[in-house]
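Here's the letter readout for the chains.
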Amino acid sequence: GVDPVSRREFWDALAHLAAEGLTILLATPYLDEAERCHRVALMHQGEIHDLGTPNELRQRLGAQRMEVRTTNLAVAEEVLSPLAGPEQEILDVQRFGDRLDLLAPHPDAARVIVQEHLSDAGLEIQEILLDEPTLENTFVARLRALGEEVHDEPFPARHDHTQRTGQVAIGASRLTRQFGSFTAVRDLSLEVHYGEIYGLLGANGAGKTTTIKMLCGLVAPTRGVVQLAGWTKQLRSSEVRQSIGYMSQKFSLYNDLSIEENLEFFAGVYGVPREEREEKKRWVLEFSGLEGREQQLTGSLPQGWKQRVAFGSAIMHEPSVLFLDEPTSGVDPLARRSFWKMINRLADAGTAILVTTHYLEEAEQCNRLGLMVAGELVAEGTPTSIKAAQEGVLMEFVTDQPQRALDLLKDTSERWRISLFGDRLHVILNQDQADGERMYREKLAAAGIKVISAKPGRFSLEDVFISVVEKARSKGKARVED
């Protein structure tokens, strides 16, 4: 539940404590967070299966990450996934919002395989880029080598929404919501189409929750027009309610009911036909890995398991519009893959999906993103286009005194431009790469800090998000309260 800006501040505090001599042991399901640790232990079923620095773990994988952009990601994933395995030229295939990520021990050989199979399927390859694997790539590859696989139970779908694909499912035109003299959302316009996954991102207090409540019909806008599932009025009618699914981060299930009772309740609320209920409930239990435990009290489930049941409950009636509020909070990497496989299948079947998340590696799974600051939509586009629009150059410095280097540069630059990932310093330059690198080398050398290496890097979505938020704040925009 912590937004990227607050998370970076939190990690700065941890880094200072560690530099002062405090030993910190941290557990997290978010592998982009683990990138900030000095050493990482990958643990599964009570055993540590790998241990080392983030860089050592990535190198031991012995593979590179290939970003493949092509004309139809759903078909491309279907073509390439059967070719992936621990002993193959393609170790893993993962679908994101505007690309596929492949892990390949021999990228040149994998490139030939990809080109041949996608060409045979009639797909045009727009771009193939090489990069180092993420820590999440590494963890999932290790789990798959141990025989673990993503839960991939076929959803018992009875309804198809593909005939609406491309039409507007969720629309907002100059939406404004005021609470007395306070403006929570200001002049916001967006469209989400059937068959699309749209990610709404913002720091805590940006106005996301108020926006979603207006788009769902739970809160009336002060001004502006909302379109939901073809309706612009009576958004709380039973007809509209049967068309939408909603998974809330804070409340989705009744803790004092059993899993079975929760599923039966939501099936009734959403109007799942009696003849479909048993197979739908059985699918939720299989998807959640909870077969045989349906009489267990929901409140006794760990957060990640509870999220799986809540997600299944929200889609049993096969809505044409789905709202997901931080759906994978507390969910492990393999289960997160299962969530997104299912979310992509729903979108492929024509469902319009609006997602909020603070986990920005996950936000890459969305087809389009909207970034909110202080109640306004300040940036919109595909993950790739939003990153491409980022100004400046990202440099990665490795020094002999990373904490001192961080503190020094934060004192002499805009603080948001500097961040520490274990022993690697990320610096966003606002000038030419050569000039910027020379300037920072001189600053560090003058303080007696040795630069071991410096190289350009690629912007992550977190870098872009924080940059957008901080630039907006510099222009007088501040947080609002949701």
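Before any of the text, the structure's been laid out above.
Scope of this entry: the structure provided in the associated data block. Every residue gets a number counted from 1 within its own chain, in the order that chain's sequence is written. Since the coordinates come from a predicted model, pLDDT governs what is reported: local features require at least 70, and pairs of side-chain atoms require 80 or more to be given and counted, while whole-chain, interface and lining totals use all residues. To obtain the side-chain values, all non-hydrogen atoms of the structure were used and water was disregarded.

### Regarding a nonpolar patch on the surface
What counts is decided by this rule: In this analysis, a patch consists of residues with relative accessible area above 30% that form no salt bridge, clustered at 9 Å for like charges and at 5 Å for the nonpolar side chains Val, Leu, Ile, Met, Phe, Trp and Tyr. Each accessible area value is a Shrake-Rupley result obtained with a 1.4 Å probe; residue values ignore everything except the protein chains displayed when judging cover. A side-chain nitrogen of Lys or Arg and a carboxyl oxygen of Asp or Glu constitute a salt bridge if their distance falls within 4 Å. Secondary structure counts use DSSP, requiring at least four H or I residues in a row for a helix and at least two E residues in a row for a strand, with both numbered from the N terminus. Categorising residues by exposure relies on relative accessible area from a 1.4 Å probe, with only protein chains included: less than 20% of the type maximum marks a residue as buried, more than 50% marks it as exposed, and the intermediate range marks it as partly exposed.
Taken together, the side chains of Leu17, Leu22, Ile24 and Leu26 make up a nonpolar region of the molecular surface, amounting to roughly 310 Å² of accessible area. Mapped onto the secondary structure, isoleucine 24 falls in the loop between α1 (4-19) and α2 (31-34). On the accessibility criterion, isoleucine 24 (37% relative accessible area) is partly exposed.

### What about the pattern of salt bridges?
Side chains carrying opposite charge are able to pair once their charged atoms draw close together. Under the defined criterion, the tally for this structure stands at 48 salt bridges. Lysine 410 serves as the salt-bridge partner of aspartate 12, at 2.3 Å between the closest nitrogen and oxygen. With aspartate 12 in helix α1 and lysine 410 in helix α15 (residues 402-412), this residue pair connects regions lying 398 residues apart in the sequence. Lysine 410 carries the same exposure label as aspartate 12, and that label is buried. Between glutamate 67 and arginine 458 there is a salt bridge, with the nearest N and O atoms lying 3.0 Å from each other. Of the two residues, glutamate 67 sits in strand β3 (residues 64-70) while arginine 458 sits in the loop between β19 (451-457) and α17 (461-474), which places them 391 residues apart along the sequence.

### Focus on the sheet that holds strand β12 (residues 321-325)
Spelled out, the test is: Two strands pair if DSSP finds at least two bridges between them. Helix axes use the C-alpha atoms of the stretch in contact, all axes being lines fitted to C-alpha atoms, and the angles between their N-to-C directions lie in the range 0 to 180 degrees. Contacts: residue pairs with any heavy atoms within 4.5 Å of one another.
Ordered by their spatial adjacency, 6 strands build an open sheet running β11-β12-β13-β9-β14-β15, and the pairing between neighbours is mixed. A strand with exactly one partner marks an edge of an open sheet, and here the two such strands are β11 (244-247) and β15 (376-381). With direction set aside, neighbouring strand axes in the sheet form an average angle of 15°. Where strand β9 (residues 197-202) and strand β14 (residues 368-373) come together, 5 bridges link them in parallel fashion. Its bridge partner being in β14, leucine 200 is matched across the sheet by glycine 370. Helix-sheet contacts for helix α11 (residues 303-315) involve β11 and β12, and the interaxial angle to β11 is about 165°.

### With respect to the nonpolar core
What counts is decided by this rule: To qualify as a nonpolar core, a set must consist of buried Ala, Val, Leu, Ile, Met, Phe, Trp, Tyr and Cys residues joined through side-chain atoms within 4.5 Å.
Within the largest apolar cluster, 57 residues are counted, with the highest numbers of intra-cluster contacts made by Phe311, Ile353 and Phe465. Leu215, Leu228, Ala229 and Val321 belong to the second-largest nonpolar core, a separate cluster that totals 29 residues.

### A few points about helix α4 (residues 73-80)
Test applied: Summarising the geometry, the arc corresponds to the directions from the helix axis toward the C-beta atoms. Contacts described as polar in this section are N or O atom pairs within 3.5 Å, which, within protein, must combine one atom able to donate a hydrogen with one able to accept it, while residues neighboring in sequence count only if both atoms come from side chains.
Every buried residue belonging to α4 is among Leu73, Ala76, Glu77 and Leu80, and all of these are buried. One face of α4 carries all of its buried residues, which in axial projection span an arc of 100°. Where α4 is buried, its residues contact β3, β4 (92-95), β5 (100-104), α5 (107-120) and α12 (333-348). In this structure asparagine 72 caps α4, since a side-chain oxygen of it lies 3.2 Å from the backbone nitrogen of alanine 74.

### Concerning the sheet that holds β5
Spatial strand order, β4-β5-β3-β6: 4 strands in an open sheet with antiparallel pairing. Because the sheet does not close on itself, it has two edges, and the strands there are β4 and β6 (125-131). The average angle at which neighbouring strand axes cross in this sheet is 20°, direction not considered.

### As for the packing of α11 against α12
Packed helices, taken two at a time, are described by the angle their axes make and the gap between the axes. As a reminder, the rule being used: Roughly parallel means an angle under 35 degrees; roughly antiparallel, over 145; roughly perpendicular, 65 to 115; everything else is oblique. Throughout this entry, Asp, Glu, Lys and Arg are counted as charged residues, while Ala, Val, Leu, Ile, Met, Phe, Trp, Tyr, Cys and Pro are counted as nonpolar. The remaining residues, Gly among them, count as polar.
Taken N-terminus to C-terminus, the directions of α11 and α12 make an angle of 10°; their axes are 11 Å apart at the nearest point. By the angle between their directions, the pair α11 and α12 is classed as roughly parallel. Contacts between α11 and α12 involve Gln307, Arg308, Phe311 and Ile315 from the former and Ala335, Phe339, Met342, Ile343 and Leu346 from the latter. Split into classes, the residues belonging to the contact of α11 with α12 amount to 7 nonpolar, 1 polar and 1 charged.

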